[in-house]
Amino acid sequence: MFEPLEILRTLAKHDVEFILVGGLSATIQGVALDTFDADVVHSRRPENVSRLLRALAELDAHYRTRSDRKLSPNESHLSSPGHQLLTTKYGVLDVLGAIGDGLSYEDLMGDSSPLEIAAGLHVRTLSLEKYVELKEKLNQEKDRAALPLLRTALRAKREIARAAASEEPLQD
């Protein structure tokens, strides 16, 4: 069971500063991409890490790599640029201190914007342009497989924006 809206609602309820990245961010922007997890890059400022810890406790988040023990991330884990690969009561959540070549929350702010993804739920989401750029630098099979679809969606988005910008207002 994967309920990404519940994961994102919980993070928002706790005022966690994060940027939604990965396949779910592309899906929210209209790309028909299958995804089974939520990937977020969070601010590693101490007050945000504290809020994130409270949200993760509510989500019953623990590391998915250790099925024999239910280990949860702590403050030092979340203060690092590393990747915390978690499972929650609503599905898989990857909490990332940085992505790509060490890009942090602050580095990605300019390439993200808040989107209303459900009634009253606004989530800062990585731009499709930046997502494609990051995917192009990776050399994993799943990333190479997704690139044609992502590039097509990005071209369509640009064409729509260009067409909208060139429309003249209606004359009375």
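The structure this text deals with has already been given above.
Please read these numbers as outputs of a predicted model, since none were measured by experiment.

## Notes on the overall build of the chain
Here is step 1: Counting its secondary structure elements, the chain contains 7 helices and 7 strands.
Here is step 2: Its helices and strands taken in sequence order, the chain reads α-β-α-β-α-β-α-β-β-α-β-β-α-α from the N to the C terminus.
Here is step 3: Here the C-alpha radius of gyration of the chain, 17 Å, is about what a compact globule of 172 residues would show, namely 16 Å.
Here is step 4: Overall size of the chain, expressed as C-alpha extent along the three principal axes, is 65 × 40 × 30 Å.
Here is step 5: The buried share of the chain, reckoned over its 172 residues, is 42%.
Here is step 6: Pairs at least 24 apart in sequence give 59% of the contacts found in the chain among residues at least 6 apart.
Here is step 7: Of the accessible surface of the chain, which amounts to about 9,600 Å², a share of 51% is contributed by carbon and sulfur atoms.
Here is step 8: Counting 22 positive and 27 negative side-chain charges, the chain places the centres of these two groups 5 Å from one another.

## Digging into the pairing of strand β1 (residues 18–21)
Here is step 1: The alternating pattern of β1 places Phe18 and Leu20 and Ile19 and Val21 on opposite faces, both of which are buried.
Here is step 2: Across 4 bridges, the pairing between β1 and strand β2 (residues 37–42) is antiparallel. Pairing of Val21 across the sheet is with Asp39, part of β2.

## Section: the packing of helix α6 (residues 128–137) against helix α7 (residues 141–166)
Here is step 1: The interhelical angle for the contact between α6 and α7, taken along N-to-C directions, is 150 degrees, at an axis separation of 10 Å. Judged on the interaxial angle alone, α7 and α6 are roughly antiparallel. In this structure, the crossing between α6 and α7 has a hand that is left-handed. Across the interface between the two elements, Leu128, Glu129, Tyr131, Val132, Lys135 and Glu136 from α6 touch Asp143, Leu147, Leu150, Arg151, Ala153, Leu154, Lys157 and Arg158 from α7.
Here is step 2: Within the contact of α6 with α7, the residues separate by chemical class into 7 nonpolar, no polar and 7 charged.

## Regarding the side chain of Ser127
Here is step 1: In this structure, Ser127 sits in the loop between β7 (121–126) and α6.
Here is step 2: Its relative accessible area of 16% is what places Ser127 among the buried residues.
Here is step 3: The contacts of Ser127, once residues within four sequence positions are left out, are Gln29, Asp111 and Ser112.

## Here's the deal with the pattern of salt bridges
Here is step 1: This model, assessed by the stated rule, comprises 13 salt bridges.
Here is step 2: Note that Lys130 and Glu133 form a salt bridge whose closest N and O atoms lie 3.0 Å from each other. A residue pair is termed a helical-turn pair when its members lie 3 or 4 positions apart in one helix, as Lys130 and Glu133 do in helix α6 at 3 residues.
Here is step 3: Classification of Glu133 by relative accessible area gives partly exposed; the value is 34%.
Here is step 4: One network of salt bridges, with partners in common, ties together Glu17, Arg45, Glu47 and Arg51.

Cut-offs used in this document
Residues numbered from 1 in each chain as written. Predicted model: local features only at pLDDT ≥ 70, side-chain atom pairs only at ≥ 80, totals over all residues. Heavy atoms only, no water. Helix = DSSP H or I, 4+ residues; strand = E, 2+ residues; numbered from the N terminus. Rg over C-alpha atoms; globule rule 2.2 N^0.38 Å. Buried < 20%, exposed > 50% of the residue type's maximum accessible area, 1.4 Å probe, protein only. Contact = heavy atoms within 4.5 Å. Areas by Shrake-Rupley, 256 points an atom, 1.4 Å probe, with all protein chains shown as cover. Lys, Arg positive; Asp, Glu negative; His and termini not counted. Charge placed at Lys NZ, Arg CZ, Asp CG, Glu CD. Pairing = 2+ DSSP bridges. Axes fitted to C-alpha atoms, helices over the stretch in contact; angles between N-to-C directions. Parallel < 35°, antiparallel > 145°, perpendicular 65-115°, else oblique. Left-handed = near helix turned anticlockwise from the far one by under 90°. Nonpolar A, V, L, I, M, F, W, Y, C, P; charged D, E, K, R; others polar. Salt bridge = Lys/Arg side-chain N within 4 Å of Asp/Glu carboxyl O.

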